[in-house]
Amino acid sequence: MTKRLQDRIAIVFGAGSVGPGWGNGKATAALFAREGAHVACVDLNMGAAQETVSIIVREGGSARAHACDATDSSQVAAVVADVIADHGRIDVLHNNVGYAGMGGPIELDEASWHRTLDLNVTTCFLAAKHVLPHMLAQKRGAIVNVSSVAAIRYLGYPYPAYHAAKAAVNSFTMGLALQYARDGIRVNAIMPGLMNTPLIHQQISDQYATADEMIAARDAACPTGKMGTAWDIARAALFLASDEAEYITGVCLPVDGGLTCRAA
């Protein structure tokens, strides 16, 4: 590894995985640690956060697990306070919490609409709310939000709340980037395309007859003929969090194998 985040302090919200294998947040936390960062691995499920930490520690990295409902301001504030107490600063904030609930406006109840917005957008807002004061004091910081190509493209799934939420993440990202551009703080987003992660088996698979059909259909829909992996997202996050991207802010980067370049 090139140690692009050597001695940096990073918080990854959504650092666990919802099932066996590598989710985007889990892979990102592991890669940040491999590149020299201490990683605060935050997840609603403490067991999932601890699993990520155990992988990092086995590889010789530094990490600590934190349980947190990222939609609860007081819990987010407590995690940030713990990290500051332990390390005195926060260099990287990575927001990976997300949810893609199915259902159009007719089928979707109002509670599900608000839950989708809270999990995808409010989590980014609350993390920024509590981390930004420390980054401003440092005059330095990098924020990476995980959005989706669903923010700008229809992907064939009935989830308008998810489309709306991820579009909001993009706009939130660009607004913060410009507001804090002169303060040494960079804010960017990653827009994953069709990815093969444990999350699709939890949130997407009921749109298909079988899991194998889902994998085949999603692979076929990609210009490359194959879905991306969590490591594709992790590598993009590493670049945006590192000094290599020091003149990049306000970008919503598709990581999609060319999907958004295709007209149909």
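A brief report on the enclosed structure follows. Given the structure is predicted, the values throughout are model-derived calculations rather than measurements.

From N to C terminus, the chain includes eight helices and seven strands. The C-alpha radius of gyration computed for the chain amounts to 17 Å, which stays within 12% of the reference 18 Å derived for 264 residues, consistent with globular compactness. Taken along the three principal axes of its C-alpha coordinates, the chain extends 50 × 40 × 35 Å. Scored against the burial criterion, the 264 residues of the chain give a buried share of 52%. Across the chain, the fraction of contacts at a sequence separation of at least 24, relative to all contacts at a separation of at least 6, is 74%. Per element, the accessible surface of the chain, about 11,500 Å² overall, is 55% carbon and sulfur.

A separate point is the sheet that holds strand β6 (residues 185-192). Spatial strand order, β3-β2-β1-β4-β5-β6-β7: seven strands in an open sheet with parallel pairing. Each end of this open sheet is capped by a strand with a single partner; those strands are β3 (62-67) and β7 (252-255). Direction aside, the axes of adjacent strands within the sheet are offset by 20° on average. Of the strand pairs in this sheet, β6 and β7 are connected by four bridges, and their pairing is parallel. Counterpart to Pro192 in the pairing with β7 is Val255. This element, helix α5 (residues 160-179), spans β5 (141-146), β6 and β7 of the sheet and lies at about 160° to β6. Packing of helix α8 (residues 230-241) onto the sheet brings it into contact with β4 (92-95), β5, β6 and β7, and relative to β6 it is tilted by some 165°.

A separate point is helix α1 (residues 24-34). For α1, the buried fraction is high: ten of the eleven residues fall into the buried class. Of the positions making up α1, those classed as buried are Asn24, Gly25, Lys26, Ala27, Thr28, Ala29, Ala30, Leu31, Phe32 and Ala33. Contacts made by the buried residues of α1 are with β1 (9-13), β2 (38-43), α2 (46-58), β4, β6 and α8. Backbone geometry just after α1 places Gly36 at a positive phi near 105°.

Below, the discussion takes up the layout of surface pockets. Computed from the structure, the largest pocket encloses a volume of approximately 970 Å³. The wall of the largest pocket is formed by 44 residues, among which Asn96, Gly98, Tyr99, Leu199 and Gln203 lie closest to the centre. The set of elements that each furnish at least two residues to the lining of the largest pocket consists of α1, β2, α4 (110-138), α5 and α6 (198-203). Counting residues per element, the lining of the largest pocket draws most heavily on α6, which supplies four residues. Partitioning the lining of the largest pocket into residue classes produces 22 nonpolar, 17 polar and five charged.

With that settled, consider the side chain of Thr123. Relative to the helices and strands, Thr123 is located in helix α4. Within the local environment of Thr123, its side chain forms a polar contact with the backbone oxygen of Leu119, the two atoms lying 2.7 Å apart. What Thr123 contacts, discounting residues up to four positions off in sequence, is Ala70, Thr71, Asn95, Val97 and Asp118.

Conventions adopted
- Residues numbered from 1 in each chain as written.
- Predicted model: local features only at pLDDT ≥ 70, side-chain atom pairs only at ≥ 80, totals over all residues.
- Heavy atoms only, no water.
- Helix = DSSP H or I, 4+ residues; strand = E, 2+ residues; numbered from the N terminus.
- Rg over C-alpha atoms; globule rule 2.2 N^0.38 Å.
- Buried < 20%, exposed > 50% of the residue type's maximum accessible area, 1.4 Å probe, protein only.
- Contact = heavy atoms within 4.5 Å.
- Areas by Shrake-Rupley, 256 points an atom, 1.4 Å probe, with all protein chains shown as cover.
- Pairing = 2+ DSSP bridges.
- Axes fitted to C-alpha atoms, helices over the stretch in contact; angles between N-to-C directions.
- 1 Å grid on protein atoms, 1.4 Å probe; cavity = no way out; pocket = protein on both sides within 12 Å on 5 of 7 lines; lining within 4 Å.
- Points joined across faces, edges and corners; volume = space filled by probe spheres on them.
- Nonpolar A, V, L, I, M, F, W, Y, C, P; charged D, E, K, R; others polar.
- Polar contact = N/O pair within 3.5 Å; in protein donor to acceptor, adjacent residues only side chain to side chain.

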